[in-house]
Amino acid sequence: MMRTIQITLLTLALAGALQGCVAPVIVGAGALMVADRRTTGAYIEDESIENKSLSQILAKYKNNAGVHVNVTSYNRHALITGEVPDEAVKADVAAIVSAQGNVRGTTNELTISGATSLTSRSNDTLLTSNVKARFLGNKVFSPNHVKVITENGTVFLMGLVCQPEANAAAEIASTSSGVQRVVKVFENIECPPPPAKH
């Protein structure tokens, strides 16, 4: 209840400050936060970690065409994916992300290789959409609780999930057409109690 009140107050405050057509977008973001297992604070901090990390990486490596990096933060744990030319850049990118405020940990999945093509990235987008679509209607977990990131055919799964949920999500992802590998970057929690029967 308190979390819902906090989100409502945040939404109202932002909607008042940003008038017009922006308000529905903010309401949509509030709805996403309500469906998320992260606290409101963690949700906002994750956005900040991603934005600040990518901004600093871009500023440092904007003239290096061989650097293609994505940073995805979930509950203040940052997943780093993409391609870099050597181990030194890989370590430096990880250091930039780790130095952001409130980062609890990082998983560095950067590969030492040439940057992927636009075709490959488009395919990754399609794979992500396909996996998310296949999550719909499953009986084990809510698709809102699992974040899907795809890089060069590898699907990374993030979220606050219990073990049966993690296993089910990984099974669906690994049997999706075109997926080459699945990496679980979940944070494990106790299984929530089953819904009360009426």
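*Asks:* Can you help me understand the environment of A65 in this one?
*Replies:* Mapped onto the elements of the fold, A65 is located in the loop between α3 (40–61) and β1 (68–74). Among the residues examined, A65 registers a relative accessible area of 73% and is labelled exposed. A C-alpha to C-alpha distance of 7.5 Å links A65 and A115, two positions 50 residues apart in sequence.

*Asks:* When you look at the confidence of the model for the protein chain in this model, what are you seeing that I'm missing?
*Replies:* The predicted coordinates should not be examined in detail at positions where pLDDT is low. The predicted model of the protein chain has a mean per-residue pLDDT of 86, with 82% of residues at 70 or higher. Predicted confidence is poor over residues 1–31, with pLDDT under 50, and the contacts of this stretch with residues over four places away or in other chains come to 23 contacts.

*Asks:* Sorry, what's going on with the pattern of salt bridges here?
*Replies:* Pairing is possible between side chains that carry opposite charge, provided their charged atoms lie close to one another. Counted under the stated rule, the structure contains seven salt bridges. The structure contains a network of salt bridges with shared partners spanning D36, R38 and D46.

The rules we used
Residues numbered from 1 in each chain as written. Predicted model: local features only at pLDDT ≥ 70, side-chain atom pairs only at ≥ 80, totals over all residues. Heavy atoms only, no water. Helix = DSSP H or I, 4+ residues; strand = E, 2+ residues; numbered from the N terminus. Buried < 20%, exposed > 50% of the residue type's maximum accessible area, 1.4 Å probe, protein only. pLDDT = per-residue confidence, 0-100. Contact = heavy atoms within 4.5 Å. Salt bridge = Lys/Arg side-chain N within 4 Å of Asp/Glu carboxyl O.

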